[in-house]
Amino acid sequence: MAAIQQLSESTYTFLSIIDHTLDDIESLCRLDNGHDRRVPCYGLGSLEIVPLEVLQMIILRLDIQSITHFRRVNRRAGLVVDQVPQYKQIIVHAPASIRGCLSIRTGFSFSCQDLYDKLRTTNCDSCGDFGGYLYLVTCRRVCFLCFTEKTDYLPLLRSDVIRKFGLRPKYLAKLPSFKSVPGRYSSRGIQCRRRITLIDHSAA
Ligand SMILES: [Zn+2]
């Protein structure tokens with residue numbers, strides 16, 4: 001996520017610097033929220049007996065990937081999801097967080113409630129300073145210094161994890177991981193052309 005500067009207790013601004021984070025990548029998956037305004041033709045089947053408030057509470061606890069799948073069932077499902085207040089707030093104010101986690105395939109690892117709660121915090125989970133970035137592998141808020149210098153936020157190749165920690169390949173599947181998206185990264189704009197699987201360093 002892009003660099004944000006805290007101006008006062010409740011005022012923030014996006015910095016006009018190109019730091020080549022995930023939301024600078026144009027090929028991230030697109031969101032269709034709000035594009036289809038047609039009236040739904042079909043209902044939710046057996047889920048129709050569940051009160052809307054209860055359904056929204058369940059959706060809130062689903063992971064982002066499952067919510068996205070559910071939205072695609074039909075227009076009624078899309079409407080129900082889009083009316084969940086917390087989800088609506090994320091789509092309005094931080095759509096890149098959803099586009100990002102779906103693109104790197106970590107959307108199944110944290111819930112809509114987790115993401116909403118994290119977006120409402122301000123401090124880096126590692127050092128406590130203001131954190132203007134989200135580490136979307138494990139949904140942690142992080143500051144620029146920790147993001148670029150702490151090994152916790154420097155994910156590893158599978159081969160590196162095996163060599164560095166001596167883990168057997170069968171254990172790697174249980175560690176938080178993600179698929180990179182081709183593009184330019186870091187303040188030096190290093191070009192990465194392939195999609196590679198990277199593993200969370202702190203979990204390894
Ligand atoms: Zn920090």
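Computed from a predicted structure; not experimentally measured.

Caption draft 1: Representation of the overall build of the protein. If you tally the helices and strands in the protein, you get nine helices and nine strands. Scaling as 2.2 N^0.38, a compact globule of 204 residues should have a C-alpha radius of gyration of about 17 Å, and the protein matches this with 18 Å. Its C-alpha atoms put the protein at 55 × 45 × 30 Å along the principal axes. Burial statistics for the protein: of 204 residues in total, 38% are counted as buried. For the protein, contacts bridging at least 24 residues in sequence account for 56% of all contacts bridging at least 6. Split by element, the accessible area of the protein, about 12100 Å² in all, is 54% carbon and sulfur. Taken together, the 28 basic and 19 acidic charged side chains of the protein have centroids lying 8 Å from each other.

Caption draft 2: Spotlight on the UniProt feature "domain: F-box" (unreviewed entry) in the protein. The sites that carry the UniProt feature "domain: F-box" (unreviewed entry) are, in the present numbering, residues 44-90. Here residues 44-90 runs as 68% helix and 0% strand, with 24 Å between its end C-alpha atoms.

Caption draft 3: Broad picture of the nonpolar core. By size, the foremost hydrophobic cluster in this structure holds 39 residues, and its most contacted members are I59, I64, Y87, I98 and L115. Counting residues per element, the ones that place at least two in this core are α1 (52-61), α2 (64-71), α3 (75-82), α4 (85-93), α5 (95-103), α6 (112-119) and β3 (133-135). Those residues in contact with L115 that lie beyond four places of it in its chain are I64, I90, S97, I98, F110, L134 and C139. The next biggest cluster of nonpolar side chains, apart from the first, holds five residues, and it includes L156, V161, L172 and L175.

Caption draft 4: Geometry of the state of the cysteines. Scanning the model with the defined rule gives zero disulfides in all. With no disulfide of its own, C29 has C101 as its nearest cysteine by sulfur position, at a separation of 7.9 Å. C192 takes part in no disulfide bond, and the closest cysteine sulfur to it belongs to C29, at a distance of 19 Å. The exposure class of C192 is partly exposed, given its relative accessible area of 31%.

Caption draft 5: Seen up close, the environment of T197. Checked against the element boundaries, T197 lands in strand β9 (residues 197-199). Taking relative accessible area as the criterion, T197 reaches 27% and is therefore assigned partly exposed. Distance in space between the C-alpha atoms of T197 and S180 is 6.4 Å, their sequence separation being 17 residues. Sequence-distant contacts of T197, defined by excluding residues within four places in its chain, comprise L156, L157, R158, S177, F178 and K179. Among the polar contacts made by the side chain of T197, one reaches the side chain of K179 at a distance of 3.4 Å.

Caption draft 6: Just unusual backbone geometry, in detail. Its identity as a non-glycine residue notwithstanding, R105 has a phi of 65 degrees, on the positive side. Summarising the element assignment, R105 is placed in the loop between α5 and α6. Judged by its relative accessible area of 44%, R105 is partly exposed. Even without a glycine there, the phi angle at C139 is positive, about 55 degrees. Assignment of secondary structure puts C139 in the loop between β3 and β4 (140-142).

Reading guide: rules and limits
Residues numbered from 1 in each chain as written. Predicted model: local features only at pLDDT ≥ 70, side-chain atom pairs only at ≥ 80, totals over all residues. Heavy atoms only, no water. Helix = DSSP H or I, 4+ residues; strand = E, 2+ residues; numbered from the N terminus. Rg over C-alpha atoms; globule rule 2.2 N^0.38 Å. Buried < 20%, exposed > 50% of the residue type's maximum accessible area, 1.4 Å probe, protein only. Contact = heavy atoms within 4.5 Å. Areas by Shrake-Rupley, 256 points an atom, 1.4 Å probe, with all protein chains shown as cover. Lys, Arg positive; Asp, Glu negative; His and termini not counted. Charge placed at Lys NZ, Arg CZ, Asp CG, Glu CD. UniProt positions renumbered as here; feature names shortened; annotations may be inferred. Core = buried A, V, L, I, M, F, W, Y, C linked by side-chain atoms within 4.5 Å. Disulfide = S-S within 2.5 Å. Polar contact = N/O pair within 3.5 Å; in protein donor to acceptor, adjacent residues only side chain to side chain.

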